Every structure is written in structure tokens, then in C-alpha cells.
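# Understanding the architecture of this molecule
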Amino acid sequence: GAVVSQHPSWVICKSGTSVKIECRSLDFQATTMFWYRQFPKQSLMLMATSNEGSKATYEQGVEKDKFLINHASLTLSTLTVTSAHPEDSSFYICSARSQGSGANVLTFGAGSRLTVL
Amino acid sequence: KNQVEQSPQSLIILEGKNCTLQCNYTVSPFSNLRWYKQDTGRGPVSLTIMTFSENTKSNGRYTATLDADTKQSSLHITASQLSDSASYICVVSLYNFNKFYFGSGTKLNVKP
């Protein structure tokens, strides 16, 4: 079945630094990937839709200059949290869209826990 | 408006008991519905996926049902185990569109 790898699984950084999170589809090509953030005990919140070879589409209220998304290949999308601050500490999850038997399906990465000191 | 609603919001059951989680949707045109299990601090993992023509699908102790006419789905967990404690998320996708709609999840707590 489809597998999505997300790296790193956790990261601690100082305030003001930038952090990059990678999302890879291991056994399929994903023209579209999605990035979410999740605060404790809350639902997944879609941040942006990442399209291979084009600009990402951001959800309302998500700063595109703060959360840089690059989808340079059919198997890799990256999320860079720029000038991170403690309020950016959260659980970030990616998912990739694949097609099985003509149906759209989502496969999620294991998530990345970001802690900004 | 395309929406997915799950109930209950949270549920506590004793180990060994059965339970049923509900998902109602208004998403149209419908492509498929998927139930995911999300353990704390982990990404969601797929349990079942159902298309328009499927009524029931099982995955071990998990059985999902779909009524496309009433736009309702349920996830039944049999003989619950402590490891079933997690959030269960219902996701519905639009046909031919790159759009997925998420329910807010049901938090299940299985107690010994």
C-alpha cells in the first residue's frame, strides 16, 4: 500500500531559527500533498495544499511567508517554518493524495513534533 | 455546504465491550469515505475505505458501514482493546476533485 515518510519525527529549535520538515511518498507519485498542524487534543487543521511544480495554496489565516512550502518533485514536499517562535510549536502532519482503483485516497505521514524554545 | 460531522465527540468504554462511531456527511459529489485511527502523537492510519457502491467493509475487529442514500457511515469496533484508545477520523473525498473533508473526530478511551 501507499506509504508516506515524514522527517524529522521531532525537532527542537531556538526561537528565530528556521526548521524544514520533509514529506516523501515512498512507493507512489503524489502530484498533491497536504500540510496540517495539530494542537494538543484538537483536530487536524489544514494549512496548505502543495502542488508539484506550482505554488502552494494556503488556507485562510495561514501566512505563506511564514510557512514556506516547496513541492519540487512528484515524491517530495517540504515545509519550512521560518523564524520560528514558541507559538509555532505544534504537531505538523503531511499527507499525500494517491489514486487507487480510480478513487482519491489520502495517506498520512507519522507527523513531526516541533518545539520552539 | 460540504460538511462531515462525527458523533460522539468522545466515548469511554470498558475493555472487551463493543462500540459504534458515527459519521454523517453532506459532501457531494461523493467519491469515497475513509476511517482513520490516530494515536496520540502519531499521524492518522487508514482503517477502511469505502466507495459509493460498498455497504460494508471489515478490517479485523473494525467494521465500517456506508449508506450512500442517507449519507451516513458508522465504524463498529468489536471486543475493544486498550490499544483501541485513539481518535477516529472520518474523511470524505469529492469525486474528481482534489478536495477532502474531515470530521472533527471521536476520541475513544478504552478502560481496563
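Here, every reference points to the structure presented above.
This report concerns the structure included in the present document.

Cut-offs used in this document
Residues numbered from 1 in each chain as written. Chains lettered and ligands numbered in written order. Predicted model: local features only at pLDDT ≥ 70, side-chain atom pairs only at ≥ 80, totals over all residues. Heavy atoms only, no water. Helix = DSSP H or I, 4+ residues; strand = E, 2+ residues; numbered from the N terminus. Rg over C-alpha atoms; globule rule 2.2 N^0.38 Å. Buried < 20%, exposed > 50% of the residue type's maximum accessible area, 1.4 Å probe, protein only. Areas by Shrake-Rupley, 256 points an atom, 1.4 Å probe, with all protein chains shown as cover. Lys, Arg positive; Asp, Glu negative; His and termini not counted. Charge placed at Lys NZ, Arg CZ, Asp CG, Glu CD. Salt bridge = Lys/Arg side-chain N within 4 Å of Asp/Glu carboxyl O. Contact = heavy atoms within 4.5 Å. Pairing = 2+ DSSP bridges. Axes fitted to C-alpha atoms, helices over the stretch in contact; angles between N-to-C directions.

## A short note on the overall build of chain A
- A count of helical and extended segments in chain A gives 0 helices and 11 strands.
- If you list the helices and strands of chain A from N to C, you get β-β-β-β-β-β-β-β-β-β-β.
- Taking 117 residues into account, the globule formula puts the C-alpha radius of gyration at 13 Å, and chain A, at 14 Å, falls close to it.
- Reported as C-alpha extents along the three principal axes, the dimensions of chain A are approximately 45 × 30 × 25 Å.
- Residues classed as buried in chain A amount to 50% of the 117 residues present.
- Of the roughly 5800 Å² of accessible surface on chain A, 51% is carried by carbon and sulfur atoms.
- Considering chain A, the positive charge centre built from 10 side chains and the negative charge centre built from 8 side chains are found 3 Å apart.

## Side note on the pattern of salt bridges
Residues and elements named next belong to chain B.
- For the structure on display, the rule yields 5 salt bridges over all chains.
- A salt bridge links Asp 39 to Lys 37; the nearest nitrogen and oxygen atoms lie 3.9 Å apart.
- Taking relative accessible area as the criterion, Lys 37 reaches 14% and is therefore assigned buried.
- Across the salt bridge formed by Lys 57 and Glu 54, the nearest N and O atoms sit 2.9 Å from each other.

## Points about the environment of Leu117(A)
All names here are of chain A.
- In this fold, Leu 117 is placed in the segment after strand E11 (112-116).
- Taking the C-alpha atoms as reference, Leu 117 lies 8.6 Å from Ser 89; in sequence the two are 28 residues apart.
- Apart from the residues lying within four places of it in its own chain, the contact partners of Leu 117 are Ile 12, Cys 13, Lys 14, Ser 15 and Pro 86.

## Some thoughts on the pairing of strand E1 (residues 4-7) of chain B
Residue and element names in this part refer to chain B.
- Burial along E1 is one-sided: the residues Val 4 and Gln 6 are buried and none of Glu 5 and Ser 7 is.
- Judged from the 4 bridges that link them, E1 and strand E3 (residues 19-25) form a sheet pairing that is antiparallel. Bridge assignment links Val 4 to a residue of E3, and that residue is Tyr 25.

## Some words on the sheet that holds strand E3 (residues 19-25) of chain A
Residues and elements named next belong to chain A.
- The strand order across the open sheet built from 4 strands is E1-E3-E8-E7, with neighbouring strands paired in antiparallel fashion. Looking at the sheet topology across the chains shown, the edges are occupied by strand E1 (4-7) and strand E7 (67-73). Neighbouring strand axes in the sheet, compared pairwise and without regard to direction, differ in orientation by 15° on average.
- Two elements, E1 and E3, share 4 bridges in a ladder whose sense is antiparallel. Across the sheet, the residue bridging to His 7 is Glu 22, located in E3.

## Remarks on the sheet that holds strand E8 (residues 72-77) of chain B
All names here are of chain B.
- As summarised here, the arrangement of the 5 strands in space is E1-E3-E8-E7-E6, forming an open sheet in which the pairing is antiparallel. One side of each edge strand has no neighbouring strand; the edge strands of this open sheet are E1 and strand E6 (56-59). Averaged over all adjacent pairs, the angle separating strand axes in this sheet is 15°, with direction ignored.

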